Amino acid sequence: FVKFTLNGKFAQATKGTTIIEACRTNDVFVPTLCYHPNLSVNEECNLCLVETDRTQRLSRACSTIIQEGMEIVTNSENVVNSVKHNLAMILAEHPKECTTCESNNRCELQDLVYRFGVMDKFPRKQREYIPKDYSSPSLIRDMNKCIKCYRCVKACSELQGMDILTIGPDGIPMTPKNKEIYTTKCINCGACSFYCPVGAITENSQVREVSNLLKNKNGKTIVFQTAPATRVAISEEFGMEPGDISTGKMVAAIRKLGGDVVFDTNFTADLTIMEEGSELLDRIKNGGTLPMFTSCCPGWINLVEKDYPDFIPNLSSCRSPQGMMSSLIKNYWAERMGIKPEDVVVVSIMPCTAKKDEAVRDQLKTEQGLQETDYVLTTRELAKLIKLNKVKFASLKESEYNNPLGESTGAAVIFGNTGGVMEAALRTAYEIALEKPMPTLNYTPVRGFKGIKEATVDFGGIDLKVAVIHQASNIHEYMEKLKNGEVGHHFVEFMICKGGCIGGGGEPKSKTSDYLEKRMKGIYKIDDDFKIRKSHENEAVKQIYEQFFEHPLSHKSHHLLHTHYKD
Ligand code: HC1
Ligand code: SF4
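Note that residues are indexed from 1 along each chain, following the sequence as it is written. For naming, the first written chain is A and the first written ligand is 1, with later ones following in the order written. For a predicted model such as this one, the threshold for reporting local features is a pLDDT of at least 70, and the threshold for listing and counting side-chain atom pairs is 80 or more; totals across whole chains, interfaces and linings nevertheless cover every residue. The side-chain numbers reported here are obtained from all heavy atoms of the structure, hydrogens and water having been left aside.

### What about the overall build of the protein?
Then, number 1: Every helix listed is a DSSP run of H or I at least four residues long, and every strand listed is a run of E at least two residues long, numbered separately from the N terminus. The helix and strand inventory of the protein stands at 18 helices and 17 strands.
Then, number 2: Here the C-alpha atoms of the protein give a radius of gyration of 25 Å, agreeing with the 24 Å that 2.2 N^0.38 yields for 567 residues.
Then, number 3: Looking at the protein residue by residue over its 567 residues, the buried ones come to 60%.
Then, number 4: All accessibility values rest on the Shrake-Rupley procedure with a 1.4 Å probe; residue burial counts only the protein chains present in the view. Accessible area of the protein: about 23,500 Å², with a carbon and sulfur share of 50%.
Then, number 5: Looking at the protein, you have 70 positive and 72 negative side-chain charges, and the mean spots of the two groups are 5 Å apart. For a compact globule the rule gives 2.2 Å times the number of residues to the power 0.38, and the radius of gyration it is set against comes from C-alpha atoms. Classification of residues uses two cut-offs on accessible area relative to the type maximum, computed with a 1.4 Å probe and protein chains only: under 20% is buried, over 50% is exposed, and between them is partly exposed. As used throughout, the charge tally considers Lys and Arg to be positive and Asp and Glu to be negative, leaving His and the chain termini uncounted. A charged residue contributes its charge at one atom only: NZ of Lys, CZ of Arg, CG of Asp or CD of Glu.

Set out below in structure tokens:
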């Protein structure tokens, strides 16, 4: 520990900590726009200014390591005036479009300008207009709003290893050859939008479309589905803690907004396990392509198609749980309810921006050419819709999903965590292959935040070798090893975002440093509390096989639950 004073009060912090982190652990506010604890230090915004030695000299809190005996002042007139001056300079270049901006009310620049009472004192500095980029179903880029913090560039390169965004000659992040982002190798993961502090890169929002639809249904039945990872994160938008479990409140909120039916993507996560587990056993028995790769993460599918096309045969042919659910709703449930598929609108609530891109895939349309998933709202967008409609989320009485597509197990919810699909698949595949349950259901070797996790499971005679990779930069590392024959597994789970879906690019922009750990714990708590924790024991899943699909990998399931990829 080092001891120092902070605004005149005694404080301490671990040796080697930066001043900004020391201030945060001691609950003292330091403004910044370019600093983020998950990214390397930028020194761009010049807002985290502090005095450290009773002189008026200012240091940047993001890049200065705290020293024993420092006298840190964050609130002197000198500091405040300098911050105001620098903020005013940023503001002079920034379009004043707050009222219509996607980031209104969650913009870090807006917050600081208000907090410091910064007036528009400098003459407007007109930058050359940059055309907006609406090419991607997942993201919108309006680089006129860019404040040159470079958090998007760092998220794309440091976290994801994608290097789509680089700093252009004018200091504004650009795509390769300034092309529209959808035509580049961008995988639509949304990490750039998650880290953008303003409205320069945002999710391609469908809040208005869904809001209008709910107000004017035109005879349509509006069916929602909600992803595993949304239920442990949406709470953060309403003043609760990361990891707080809000499943029942989220369902209740959707009903209040006007959703007619709410199904759980977890049901089709269980179904995925039935199909994917069977596919794996089939490939092993019959000499199919191995390792088999999971196929539920749409950012990962984009990466394989764009960067590793030779490995397309390794991808499981299973649609993602989102894809399976929408297919079931339009092609199975609607008919049973006596509703025409064209009169059903599916709205999917996902932690992920790439799910918006998945939804528009040609392979995921009905025979009549209808998009099966009509709208995808991220967790952030659902929260916005709830706030716009003044629904008091925190005090809502919990509601339950509709059945039968709302019934699920503990195995399904852990899809939201890295390692979850693998763990759920093992719980079922082991029992099907060996006719006895796995010795332990909580399979810890595939849990936690290690980037590449490997394990060997004794599958009665064969050693089943599995691996779990999350965060795109680790995926590139693994894929290089696989290409060079340095690794050999039967089954590999890939998730593009750190932590899996709980760290998705569409999740709330939490300000705490341990939000991922807390969301992860929330997911495992839901699993622990379930009586039924194996997908093959889901009664509604059993029923749908008895009444419709007959068995996994049947002709009907291939038609409705499987897909193919672009090569
Ligand atoms: Fe995911 Fe999945 S777990 S991909 O991370 O397989 O997005 O939560 O919904 O589809 O179920 C995301 C989460 C999600 C799918 C499932
Ligand atoms: Fe990079 Fe992901 Fe943003 Fe695309 S969506 S630019 S891959 S961070």
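From this point on, the discussion continues.
### Looking at the site of ligand 1
Then, number 1: For each residue, the test is whether any non-hydrogen atom lies within 4 Å of the molecule or strand; if one does, the residue is near. Taken together, 15 residues form the shell around ligand 1, and within it A229, C296, Q322, K355 and C501 come nearest.
Then, number 2: For the purposes of these results, a polar contact is taken to be a pair of N or O atoms within 3.5 Å, where, inside protein, one atom must be able to donate a hydrogen and its partner to accept one; residues adjacent in sequence count only when each atom of the pair is a side-chain atom. Here P228 contributes a backbone N or O atom positioned 3.4 Å from an oxygen atom of ligand 1.
Then, number 3: Taking Q322, its main chain carries an N or O atom lying 2.8 Å from an oxygen atom of ligand 1.
Then, number 4: The nonpolar class holds Ala, Val, Leu, Ile, Met, Phe, Trp, Tyr, Cys and Pro. Asp, Glu, Lys and Arg form the charged class, and all remaining residues, Gly among them, are polar. Each residue belonging to the shell around ligand 1 can be placed in one class, and the counts come to 11 nonpolar, three polar and one charged.

### Overview of the environment of G190
Then, number 1: Tracing the sequence through the fold places G190 in the loop between β8 (173–174) and α5 (191–195).
Then, number 2: What makes two residues a contact is simply this: any of their non-hydrogen atoms within 4.5 Å. With residues up to four places along the chain from it excluded, the contact list for G190 reads L139, T353 and G505.

### Looking at the sheet that holds strand β12 (residues 292–293)
Then, number 1: We treat two strands as partners when DSSP finds at least two bridges between them. Judged by pairing direction, the sheet is mixed, and its four strands sit side by side in the order β12-β17-β16-β15 without closing on themselves. In the strand order of this sheet, the two ends are held by β12 and β15 (452–459), each with one partner.
Then, number 2: Strand direction decides the pairing type here: β15 and strand β16 (residues 462–470), joined by eight bridges, are antiparallel. Along β16, the bridge assignment pairs T456 with K465.

### Considerations on unusual backbone geometry
Then, number 1: Omega for the bond connecting L290 with P291 falls within 30 degrees of zero, at -10 degrees, which places this linkage in the cis form.
Then, number 2: Cis geometry is found at the peptide bond from N403 to P404, where omega equals 5 degrees.
Then, number 3: Even without a glycine there, the phi angle at N105 is positive, about 75 degrees.
Then, number 4: By secondary structure assignment, the location of N105 is in the loop between α2 (77–92) and α3 (108–115).

### With respect to the nonpolar core
Then, number 1: Note on terminology: a nonpolar core comprises buried Ala, Val, Leu, Ile, Met, Phe, Trp, Tyr and Cys residues joined through side-chain atoms within 4.5 Å. In terms of nonpolar packing, the biggest core is built from 106 residues, with W300, Y478, M479 and I496 touching the most fellow members.
Then, number 2: Broken down by element, this core gets its largest block of residues, seven residues, from helix α14 (residues 420–434).
Then, number 3: Setting aside chain neighbours within four positions, we find M479 in contact with F293, W300, Y308, F311 and F494.
Then, number 4: Judged by nonpolar contacts, the second largest core, of 27 residues, contains V251, V262, L382 and A383.

### Describing the pairing of strand β10 (residues 221–226)
Then, number 1: Buried residues dominate β10, accounting for six of its six residues.
Then, number 2: Here β10 shows two buried faces, one formed by T221, V223 and Q225 and the other by I222, F224 and T226.
Then, number 3: By the bridge criterion, six bridges tie β10 to strand β13 (residues 344–350) in an arrangement that is parallel. Within β13, the residue paired with T221 across the bridge is V344.
Then, number 4: Relative to strand β11 (residues 261–264), β10 runs parallel, the two sharing four bridges. Paired with V223 across the bridge in β11 is V261.
Then, number 5: The handedness of a crossover follows from its direction of travel: if, with the strands pointing away from the viewer, the path from the first strand over the helix to the second runs clockwise, the crossover is right-handed. Read from β10 through helix α7 (residues 247–257) to β11, the crossover connection turns out right-handed.

### Quick word on the packing of aromatic side chains
Then, number 1: Here a Phe, Tyr or Trp ring, Trp counted by its six-membered ring, pairs with any other such ring whose centre lies within 6.5 Å, and the pair is stacked when the planes are under 30 degrees apart, edge-to-face when over 60, and tilted otherwise. Under the criterion given, the structure shown has 13 aromatic pairs.
Then, number 2: Geometrically, the ring pair formed by F263 and W333 is edge-to-face, given 5.5 Å between the ring centres and 85 degrees between the ring planes. In this pair, F263 is assigned in strand β11 and W333 in helix α10 (residues 321–337), connecting sequence segments 70 residues apart.
Then, number 3: A residue is classified by how much of its surface remains accessible, and F263, at 0% relative accessible area, is buried.

### Some points on the pattern of salt bridges
Then, number 1: For salt bridges, the criterion is a side-chain nitrogen of Lys or Arg within 4 Å of an Asp or Glu carboxyl oxygen. Taken as a whole, this structure holds 39 salt bridges when the rule is applied.
Then, number 2: A salt bridge links R361 to E305; the nearest nitrogen and oxygen atoms lie 2.7 Å apart. Residue R361 is found in the loop between α11 (354–359) and β14 (375–378), and its partner E305 is found in helix α9 (residues 298–307); the two are separated by 56 residues along the sequence. As far as burial versus exposure is concerned, R361 and E305 are alike and both buried.

### Notes on the packing of helix α6 (residues 207–215) against helix α12 (residues 379–388)
Then, number 1: At a minimum axis separation of 10 Å, α6 and α12 run at an interaxial angle of 50 degrees. The angle between α6 and α12 falls in the class oblique. Two packed elements cross with a definite hand, and for α6 against α12 that hand is right-handed. When α6 is examined against α12, the residues V207, V210, S211 and L214 are found in contact with a partner set consisting of E381, K384, L385 and L388.
Then, number 2: Among the residues making up the contact of α6 with α12, the classes are represented as five nonpolar, one polar and two charged. Throughout, an axis means a line fitted to C-alpha atoms (over the contacting stretch in the case of helices), and angles, computed between N-to-C directions, take values from 0 to 180 degrees. The labels follow the angle: roughly parallel below 35 degrees, roughly antiparallel above 145, roughly perpendicular from 65 to 115, and oblique for the rest. Here a crossing is called left-handed whenever its near helix is offset anticlockwise from the far helix by less than a right angle, and right-handed whenever the offset is clockwise.

### Thoughts on helix α16 (residues 515–529)
Then, number 1: Each helix should span, by expectation, one fewer than its residue count multiplied by 1.5 Å. Compared with an ideal rise of 1.5 Å per residue, which puts 15 residues at 21 Å, α16 spans 21 Å between its outermost C-alpha atoms and is within 8% of the ideal.
Then, number 2: Listed in full, the buried residues belonging to α16 are Y515, L516, R519, M520, G522, I523, Y524, I526 and D527.
Then, number 3: Those residues of α16 hidden inside the fold are in contact with α5, α7, α13 (410–413) and α14.

### Some words on the site of ligand 2
Then, number 1: Taken together, 13 residues lie near ligand 2, and C156, C186, C189, G190 and C192 sit nearest.
Then, number 2: When its residues are assigned to classes, the shell around ligand 2 shows 11 nonpolar, two polar and no charged.

### Section: the confidence of the model for the protein
The predicted coordinates ought not to be read in detail in places where the model reports low pLDDT.
Then, number 1: Scored between 0 and 100, pLDDT is the confidence that the predictor attaches to each residue. Predicted confidence across the protein gives a mean pLDDT of 96, with 100% of residues reaching 70 or more.
Then, number 2: Here the predicted complex scores 0.96 on pTM and 0.93 on ipTM.

### Some remarks on the environment of A411
Then, number 1: Mapping A411 onto the fold places it in helix α13.
Then, number 2: On the accessibility criterion, A411 (0% relative accessible area) is buried.
Then, number 3: Here the alpha-carbon distance between A411 and A424, two residues 13 residues apart in the chain, equals 4.8 Å.
Then, number 4: Apart from residues no more than four positions distant in its own chain, A411 is found in contact with D270, A424, R427, D527, R533, K534 and S535.

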